[in-house]
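What follows is each chain in one-letter form.
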Amino acid sequence: MRTVMLFRKSPDFALVLFLILISGALSVTPAQQKKSIILATTTSTEDSGLLDVLIPVFERSSGYIVKTISVGSGQALKMGEKGEADVLLSHSPDAERRLVERGFAINRRVVMHNDFVIVGPSADPAGIRNSGSAAEAFSSIARQKALFYSRSDSSGTHALEMKLWQSAGVNPEGEPWYRQTGLGMGQTLNVTAEKKGYTLSDRGTYLSLKRTLGLDTLFEGDPQLLNIYHVMEVNPARWPGVNHTGAKAFADFMVSKEAQKIIRTFGVEKFGSALFFPDAGRKDMERF
Amino acid sequence: MDLIAEGLRKAFELIVSMDREVLGITWLSLKVSGIATLISVGIGISLGMIIALTSFPGKKIVISAINTGMGLPPVVVGLFVTVFLWRNGPFGFLDLLYTPSAMIIAQVIIATPIVMGLSVAALQNLPPKLRLQILSLGATRWQMVWIMIREARLPFMAAVMAGFGGVISEIGASIMVGGNIRGYSRVLTTATVMETGRGNFDVAFALSIILLLLVFSVNYLFTMIQQRERPR
Amino acid sequence: MSVPEVLLAAEDIRVELGGVAVLELPSFALHESEVLSVVGPNGSGKSTLLLTLACLLRPSAGHISYRGNVLVSHDAVFRFRRRISMVFQEPLLFDTTVYKNVASGLRIRGLSRNETRDRVAKYLKCFHCEHLAQRSARKLSGGESQRISLARAFAVEPEILLLDEPFSALDPPTRHSLMHDLEAMVRETKTTTIMVTHLESEALSMSSRILVLNEGRVVQTGTPSQVMSRPSNQFVARFVGMENILEGRVISRERDGLSVAVSGRVLHSAGDAQPDEIIECCIRPENVTIDNPDAAGAGNTNRFSGTVTHIYSSGPFVKVSLDCGFHLTALVTREAFSDLRLSEGTQVSASFRPSSVHVIRRSKAELERLKS
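**Section: the nonpolar core**
Membership of the largest hydrophobic core comes to 235 residues, with the highest contact counts inside it found for L88 and F250 of chain A. The element that contributes the greatest number of residues to this core is helix α5 (residues 100-124) of chain B, accounting for 16 residues. In contact with F250 of chain A, other than residues within four places in its own chain, are I37, L39, F58, V66 and V87 of chain A.

**Comments concerning the domain arrangement of chain C**
Residue and element names in this part refer to chain C. Once the domains are mapped, chain C shows domain 1 (6-234) and domain 2 (242-371). Between the C-alpha centres of domain 1 and domain 2 the distance comes to 39 Å. Each side of the interface is counted separately: domain 1 has 6 residues, and domain 2 has 6 residues. Residue classes in the side of domain 1 that touches domain 2 are distributed as 1 nonpolar, 4 polar and 1 charged.

**Brief notes about the interface of chain B and chain C**
The interface of chain B with chain C comprises 15 residues on the first partner and 23 residues on the second. Here the side of chain B that touches chain C takes 5 residues from helix α6 (residues 130-136) of chain B, the largest share from any one element. Residues belonging to the side of chain B that touches chain C are distributed by class as follows: 7 nonpolar, 5 polar and 3 charged.

**Comments concerning the domain arrangement of chain A**
All names here are of chain A. Split by domain assignment, chain A resolves into domain 1 (36-113 + 226-285) and domain 2 (115-225). Look at where the C-alpha atoms of domain 1 and domain 2 centre, and you get two points 26 Å apart. Of the residues lining the interface, 16 residues belong to domain 1; the matching set on domain 2 comes to 18 residues. Take the side of domain 1 that touches domain 2: its biggest share by element is 4 residues, from helix α2 (residues 43-48). Partitioning the side of domain 1 that touches domain 2 into residue classes produces 3 nonpolar, 12 polar and 1 charged.

**Quick look at the pairing of strand β18 (residues 327-333) of chain C**
All names here are of chain C. The side-chain alternation of β18 yields one buried face, formed by L328, A330 and V332, and one unburied face, formed by H327, T329, L331 and T333. Where strand β17 (residues 317-323) lies against β18, 7 bridges are found, and the strand directions are antiparallel. Paired with L322 across the bridge in β18 is L328. Where β17 hands over to β18, the hairpin turn is made up of 3 residues, of which G325 adopts a positive phi near 95 degrees.

**A closer look at the sheet that holds strand β19 (residues 347-351) of chain C**
Residues and elements named next belong to chain C. Ordered by their spatial adjacency, 5 strands build an open sheet running β15-β19-β16-β17-β18, and the pairing between neighbours is antiparallel. The open sheet has two free edges, formed respectively by β15 (289-291) and β18, since each of these has just one partner strand. Direction aside, neighbouring strands of the sheet carry axes that sit 45 degrees apart on average.

**Examining the sheet that holds strand β3 (residues 35-39) of chain C**
All names here are of chain C. Pairing is mixed across the open sheet formed by 6 strands, whose spatial order is β6-β7-β8-β3-β9-β10. If you trace the sheet from one side to the other, it starts and ends with β6 (84-87) and β10 (217-222), each paired once. Neighbour-to-neighbour, the strand axes of this sheet turn through a mean angle of 15 degrees, independent of strand direction. Relative to strand β9 (residues 209-214), β3 is paired through 4 bridges, and the arrangement is parallel. Within β9, the residue paired with V39 across the bridge is V212.

About the cut-offs
Residues numbered from 1 in each chain as written. Chains lettered and ligands numbered in written order. Predicted model: local features only at pLDDT ≥ 70, side-chain atom pairs only at ≥ 80, totals over all residues. Core = buried A, V, L, I, M, F, W, Y, C linked by C-beta atoms within 7 Å. Buried ≥ 20, exposed ≤ 12 C-beta atoms within 10 Å, placed from the backbone. Helix = DSSP H or I, 4+ residues; strand = E, 2+ residues; numbered from the N terminus. Contact = placed C-beta atoms within 7 Å. Domains from an automatic or database assignment. Nonpolar A, V, L, I, M, F, W, Y, C, P; charged D, E, K, R; others polar. Pairing = 2+ DSSP bridges. Axes fitted to C-alpha atoms, helices over the stretch in contact; angles between N-to-C directions.

Written out as structure tokens, the structure is:
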């Protein structure tokens, strides 16, 4: 006989529960939510470790809290488009320009660049070491049907890789020697090293893993392999809710002398050479 | 194989050296999942009791919904919570996205159905007349609730452990709503995925070992509580 | 002799399940120190009645009063529940020691540790379970478990004790032993008791009153001997085991009984009725004696010759169906059965005393209905 017995949810119980919920939620969130900036950037930028040095400097001097969300290049720019971030730091020039054209981002300024390298086994079965250009190296790889690993994750790296295949006049899609990992740069390098294949990597990630990888830099220096970083503020006219003052403060910081100095010296001690090259204010970089 | 050895060595190093960042990440994991489990247990057990002990139209549908909720993919929860919490969403004004609070909210949503479903089962497994017997002994509503919980303590503790286990190890929602921000919303699981993505397998391994140790210790504690006081 | 106080009363009770009335109780009263047994077939509403009286089940209509105070508010019901105790068919013990089980009602009431200890010891002793105190309640036999359940119920020293078929799940020897101890306890403590039980149960012997339920209604209430020997209607008659129910017409009234025409034969019964009245004559099979056809009667004025139509085994007895112009069932011992060398088709002489013929008259309502 399942008749409803005298069991009612007591009001004081509900109140206690509510208090637990609220205190739980509040205890973990710092008070200064208003002074925070959401920075959308890419995983490779974060992974280089540069931001771990730059951001604390900025936070100390400005009093802002920077929330760095590192995702794929595509997602980072999308966050800007949807007003879910305040400032963007990315390295996909074409996509960035489109975003500015469409009015979602403003004040696009060049910050720095690093470059990509083509790495592979020291035996170099595809013989790309003496190629005249990156595109030529890629066509050699295709011709020799050498194992190539692609990130295939709509990252900036991947975008450049596709551009290079295009320049080489090759469509690698579906070829048995062309492998798609869908992974981040570090993991992709590991897989490439394991299988003794070729891949395109940013210098920074490669250098940080070089010791344990066993891959060599087989081709570098082509202007096409330049990876240019720009900082953009999300347009407050489009998204009034963004923290534009904070965004501008951060963007200004990135092109400031102080930040540029940090960029220039980053990695020298650890890897023997700088990972990034500061470009703020340089007229000749503005074509990118 | 030496990857595992590397990982064990690194884990030992990190723990012994009390690496500040690792300690912070571990503590945050415990705090976030601990609070989430506590809240889920509060909601799950009390609602579970109400559902199990009263009869109402549509009871079977409600229980199926709860059981379905037990298998809710965390990443789906993460997506929904993100959409609700982001700036242009209905709760954007709360500014909760990319905070540990958002992680707690997502984890509560994941754990509550687990705790609730198992609590309902635990109570429905008790003899149907037990509640009447307890009331006939003159128990107040709260005394009755307490005695019923005690009678079903074994499956209830299992429910709590299941709830905790479900959220301490989850990654999909935590990374989406938390953002894996260094020193702020980075927990063991999100840090492990990040280090793996960077190729730092030894660090990733070390973090995994620390996570396993954490989960084991907590469950050991729970099990001790569950199994105590069993007379001959 | 003063009338004992009415402890518990119920008025206009109606309990519905799924729109159907499972219990209808226009009035009910339980007196102090009374031991009331509630009997009836399965599904007659006995458990429902018990739960309603214990205020563990809220009726759709009607109210319960305790010592004259109507129990309506949650507080009043709660305070009432603290004065009663209930034992179910399953022991429903808690997963802890026997001691803690018996103490549970006392802990709930906030009794001091010392008093709890004394009471638990006392009642464990009453039910001969002192040696089980530290045992896990899950590791007891069926009989031991029910003893603990009883000890737990008595430990709170209730004003009213309710029992819902507490011994049905036990085997006969265990049942007897427990029944004996329970009876001793009830008698000693003079606890007012309501017990749902079976007719065959010896619990009837300790009852001062029986309530017979059928289809949610009380069909008869009275002392055990009243109900067992003088059922007020056909249902109760059949229920108490008067298998022979013969419809007949009263021929004449005599000094100490009636002459009744039943299927062309004349039968003498006890009781009173009007001539020409249609009545039911009820006889227990145990009261029908079977003899050889030519055996002489011993002053019995009810002797009929008949044929054995069927023979059934019934434990230590044998049930014999007879055709004497009307159907008659007799119950004989196996020894008597073999002595008489009975088999289907045997001619016998069946006899019974007029005093063992109980007469049921049609109620006024039935008569009205028949007239129209």
